[in-house]
Amino acid sequence: MSPKIWRSASRAAQSLLSSASKSSRFYSEGRAVAAAVSFSGKLPFLASVHGRTGSSNVARQWISGALAFPAAVYMLQEQEAHAAQMEQTFIAIKPDGVQRGLISEIISRFERKGFKLVAIKVVVPSKEHAQKHYHDLKERPFFNGLCDFLSSGPVVAMVWEGEGVIKYGRKLIGATDPQKSEPGTIRGDLAVAIGGNVIHGSDGPETAKDEINLWFKPEELVSYTSNAEKWIYGVN
């Protein structure tokens, strides 16, 4: 297959991926995208890519392009998945969760999902430390109450690692208000009032980075390969 044909198919595939990036369903289907693309009756589309019609050579190019297109989609899909691979998030079991004996319950939910624990410690944070943790809320009227609560007793601070752990970690946790959290989430199952919502989780990549650096020294994070990873991520 000529480089020109492959580049054309790749550009077409990139265009498809760009359009589909707005649809979570497209990415949820993963590798099935390449297998699901059908070119029956679609060859004129590829002809428009090359800008030539009316010859047997062009027809052969259409066919070559049609064969290259699913492969291009597959490769670009793999690149997208690779770009979003491993990340880390900060998770803290608050004083109410510790005092209620929910540590093992909360940890087990992250473990059962397939995320990997790379740092953990029990600490009673100072008021100053709590203020640094909630610095983005310092203008809110409930800021002092939050800081008083976080520094009122032992906190289990953790760093979890995995694909999509920041976003999905928030889903495991549930809404800030337990009354609005779905059953099956940590807050939905284990908390009642917003003042005792048991757990904290980073809400984005930058926040996760800042919170991990606030609560842990770099040497406190452990890097290792879990024996379960080949089963979780399908890498054998």
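You'll find the structure just up there.
Residues numbered from 1 in each chain as written. Predicted model: local features only at pLDDT ≥ 70, side-chain atom pairs only at ≥ 80, totals over all residues. Heavy atoms only, no water.

Below, the discussion takes up the packing of helix H7 (residues 103-113) against helix H10 (residues 165-173). At a minimum axis distance of 11 Å, the contact between H7 and H10 shows a crossing angle of 135 degrees. Regarding the angle of H7 to H10, the classification is oblique. In this structure, the crossing between H7 and H10 has a hand that is right-handed. From H7, Arg 109, Phe 110 and Lys 113 reach across to H10, where they touch Tyr 168, Gly 169, Leu 172 and Ile 173. Here the contact of H7 with H10 is composed, by residue class, of four nonpolar, one polar and two charged. (Axes fitted to C-alpha atoms, helices over the stretch in contact; angles between N-to-C directions. Helix = DSSP H or I, 4+ residues; strand = E, 2+ residues; numbered from the N terminus. Parallel < 35°, antiparallel > 145°, perpendicular 65-115°, else oblique. Left-handed = near helix turned anticlockwise from the far one by under 90°. Contact = heavy atoms within 4.5 Å. Nonpolar A, V, L, I, M, F, W, Y, C, P; charged D, E, K, R; others polar.)

Right, let's get into H10. Taken together, the buried positions of H10 are Val 165, Ile 166, Gly 169, Leu 172 and Ile 173. For H10, the angular spread of the buried residues around the axis is 115 degrees, confining them to a single face. Facing away from the buried side of H10 by more than 90 degrees, the exposed set consists of Lys 167 and Lys 171. Residues of H10 that are buried make contact with strand S1 (86-93), H7, strand S3 (155-163), helix H11 (186-190), strand S4 (199-201) and helix H12 (205-215). (Buried < 20%, exposed > 50% of the residue type's maximum accessible area, 1.4 Å probe, protein only. Arc of directions from axis to C-beta.)

Next up on the list: the sheet that holds S1. Across a sheet, paired strands are connected by hydrogen bonds in the backbone, their directions being either parallel or antiparallel. Taken in spatial order, the four strands make up an open sheet running S2-S3-S1-S4, and their pairing is antiparallel. The strands lining the two open edges of the sheet, one partner per strand, are strand S2 (116-123) and S4. If you compare each strand with its neighbour and ignore which way they point, the axes differ by 20 degrees on average. Across eight bridges, the pairing between S1 and S3 is antiparallel. (Pairing = 2+ DSSP bridges.)

It is worth spelling out the packing of aromatic side chains at this point. One pass over the full model with this rule turns up four aromatic pairs. Considering the side-chain rings of Phe 110 and Trp 160, the 5.3 Å spacing of their centres and the 25 degrees angle between planes classify their relative orientation as stacked. You can see Phe 110 sitting in helix H7 and its partner Trp 160 sitting in strand S3, a full 50 residues away along the chain. Judged on exposure class, the residue Phe 110 and its partner Trp 160 are both buried. (Phe/Tyr/Trp six-rings, centres within 6.5 Å; stacked < 30°, edge-to-face > 60°.)

The subject of this paragraph is the nonpolar core. Counting 21 residues, the largest nonpolar core has Ile 91, Ile 106, Phe 110, Met 158, Trp 160 and Ile 199 as the members making the most contacts within it. Mapped onto this core, the elements with two or more residues apiece are S1, H7, S3, H10 and H11. Broken down by element, this core gets its largest block of residues, four residues, from H10. Residue contacts for Ile 91: discarding those within four places in its chain leaves Phe 110, Val 156, Ala 157, Met 158, Trp 160, Ile 173, Ile 199, His 200 and Gly 201. Judged by nonpolar contacts, the second largest core, of 16 residues, contains Phe 90, Val 118, Leu 137 and Ala 157. (Core = buried A, V, L, I, M, F, W, Y, C linked by side-chain atoms within 4.5 Å.)

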